[in-house]
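Structural features, examined
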Amino acid sequence: MYKKILLIFLLIFLFFHPSSAGELLEKTVYIAVTSDEHGNLFDYDFISKEEFPGGLVRVSTWIKEFRKEHPDLIVLSVGDIIQGTPVTALHNAQFDKEPDPMIIAMNFIGYQAAALGNHDIEQGLPVLDELQKQAKFPILAANAVFEKKKNKPYFEPYIIIHVDGIKIAVLGMITPGIPQWLNKEVYAGIKFLDIPENAQYWVKQIKKKEKPDIIIGLLHSGYGKKEVGEENQPKPIENAAIETAELNPELDIILSGHIHIPMENDMINGVLMSQPGSGAKNISLITIKMIKTDKNWEVKTKTAQLISMKDVKRDEELFKILQPYFEKTKEFSETPLTVIDKDLNTFHSYFKDCAIVDLIHQVQLQETGADISAAALFNPNLQLEKGDITIADVAGIYKYENFLYVKEMTGKQVKDYLEYCATFFNSPDKFNEGIISGKLKGYNYDTLEGVSYEIDLSEPEGERIINLIETKTGKPVNMEKIYKVAMNNYRSNGGGGHLESADALETSIIYRSSFPVRDLIIKYLQEGNSFSTSPSGNWKIIQEQEIIEIINKNLDNIKNMR
């Protein structure tokens, strides 16, 4: 009788616990990821006044729908959240004491963690400290450490998330190029460690302390060993996602960002890689099939797919909460500043002087009294229609919140700076491969005002700048003379490699503006200064006509360049 009762209990146990009879328990973990949201809260472009195919109001709809069937969905951001559109520009300039609209939206959606982005730290540590208080999720950056506390992270290094008995560790990292781009006062007391090696340290610590079933790297760093133009740059590497995977096979997944390029999936050294791109236009959906063997959960399969927000409707509930921000931004961005007498665009402005870029130069020279201005074009697809120029138009011209600096440079350093810029182009014998060499990104191709010059692409790199003349005197630039050169803080701190190439990285900074360049342009126009619709014509490529004929046949490709 006793044996029969024991047998009945055993059969009941096996019925309700089939895994103990040799069958394996399986579960699925879902993760939705956005990156480089850059203030894209709404599905409306305040600059073009057109629909925007992304934004957090659309992400919210998709997340809500997905959570109806999968309530344990994890939502993450790869960083660069609070800067980049008129919404955030207005908030950061005039309403910074109010709750940040991006954080309001992310709290509403239910983000569980975000990596710190370089444009987030650009607002300064007090702003970040306040944001962290507002956010219902941690901002992670394991490799941003106290300078004097033996590599103790300033921000939280990682977070543990539990999903139905499965333990997930999310490790956050920020690109370590900050000192090249920002004034040290912005991040005083913090140093930035190299990502691959620091990830190796933290993976070891996490495994030992937390014993997670899944480890995810949330890296505000691009998918690539080195970005274009970094070949001669010293470490730390700005874009280290691939190298991090190569050095850290114990990471299950790396979610990367920073370079704004969507990348659906790849597998490197057993690590699944995915990169959503920018503007909340895509979600990277990660699907992880887990299997339980004995007492341990193991990853059976892991996949990633990009989900476009293009055809997703906005979440009206979230929009209603944020509508005051929308209305204030729309009113602000449509404020007229001046009037232009003809249509302008930037379609050819990498290849010939452009009135829109000249406006930046005019402002930089007037604001600082510098001898020379250096500036890049940030939007090669910009169109301004005849009539009113508004604050939104200025945001389209200058979309970054850079500050204005003045550095002292010799005439030789100025020439070498221009020679570096001229590497943006191929020589004529390679025009069939493309006019642009790929050695610099478009936002790193600077032109100068305050001097006139020609670029002869038939000459070897380093010898392309000819007829370099001071505008005021009409005399050749003196190679020994000290010139005051206005440029943004990104460039002044070494961003792009220009100053290092010209051996001018350590030269004196003699001026720093109190307001971003974009605000200075707005102020310049509000004060009644002119916006000339004719370029000054101070620089020219010798092969201009040949280039224009080629690019007119490929204008769509040119307009879509970063």
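Just above sits the structure.
Residues numbered from 1 in each chain as written. Predicted model: local features only at pLDDT ≥ 70, side-chain atom pairs only at ≥ 80, totals over all residues. Heavy atoms only, no water.

A short note on the overall build of the chain
Selection rule: Only DSSP runs of H or I reaching four residues or more are called helices, and only runs of E reaching two or more are called strands; each is numbered from the N terminus. A radius of gyration in this sense is built from C-alpha atoms; the matching globule rule multiplies 2.2 Å by the number of residues raised to 0.38. For every residue, the accessible area obtained with a 1.4 Å probe (protein chains only) is divided by the maximum for its type, and the residue is called buried under 20%, exposed over 50%, and partly exposed between those limits. For this analysis, residues touch if any pair of their heavy atoms sits within 4.5 Å. Here the Shrake-Rupley method, with its probe set to 1.4 Å, supplies the accessible areas, and only the displayed protein chains count as covering residues. Residues counted as positive are Lys and Arg, residues counted as negative are Asp and Glu, and His and the chain ends are not counted. Throughout, a charge is located at the NZ atom of Lys, the CZ atom of Arg, the CG atom of Asp or the CD atom of Glu.
When its secondary structure is counted, the chain shows 18 helices and 28 strands. Here the chain has a C-alpha radius of gyration of 26 Å; the compact-globule value for 562 residues is 24 Å, and the two agree. Seen through its C-alpha atoms, the chain measures out along the principal axes to roughly 115 × 50 × 45 Å. The buried share of the chain, taken over its 562 residues, is 57%. Considering only intrachain contacts with a sequence separation of at least 6, the fraction spanning at least 24 residues in the chain is 75%. Surface accessibility of the chain: about 24,800 Å² in total, with carbon and sulfur atoms responsible for 51%. Charge centroids of the chain, computed over 61 positive and 79 negative side chains, lie 7 Å from each other.

Here we look at the sheet that holds strand E5 (residues 113–115)
Applicable threshold: Two strands pair if DSSP finds at least two bridges between them. In this analysis, axes come from line fits to C-alpha atoms, helices being fitted only over the stretch in contact, and the angle between any two N-to-C directions falls in the range 0 to 180 degrees.
Strands sit in the order E6-E5-E4-E1-E15-E16 across an open sheet of six strands; the sheet is mixed. A strand with exactly one partner marks an edge of an open sheet, and here the two such strands are strand E6 (139–140) and strand E16 (296–308). Strand direction decides the pairing type here: strand E1 (residues 25–34) and strand E15 (residues 282–293), joined by nine bridges, are antiparallel. Across the sheet, the residue bridging to Leu25 is Lys292, located in E15. Of the strands in this sheet, E1, strand E4 (74–77), E15 and E16 are in contact with helix H2 (residues 56–69), which crosses E15 at around 25°.

Notes on empty space enclosed by the protein
Quick note on the threshold: In the cavity and pocket records, a cavity denotes points on a 1 Å grid over the protein atoms alone where a 1.4 Å probe fits but cannot get out, a pocket denotes an open set with protein on both sides within 12 Å along at least 5 of 7 lines, and lining residues are residues with an atom within 4 Å of a point. Grid points are joined across faces, edges and corners, and a volume is the space filled by probe spheres set on the points. Note on residue classes: Ala, Val, Leu, Ile, Met, Phe, Trp, Tyr, Cys and Pro are nonpolar, Asp, Glu, Lys and Arg are charged, and everything else, Gly too, is polar.
Scanning all chains against the criterion turns up five cavities of 30 Å³ or more. Here the largest cavity defines a volume of roughly 350 Å³. If you go around the largest cavity, you meet 21 residues; those closest to its centre are Asn118, His119, Tyr400, Tyr443 and Tyr490. Elements supplying a minimum of two residues to the lining of the largest cavity: helix H5 (118–121), helix H7 (178–181) and helix H14 (489–492). Of the residues that constitute the lining of the largest cavity, the class distribution is eight nonpolar, eight polar and five charged.

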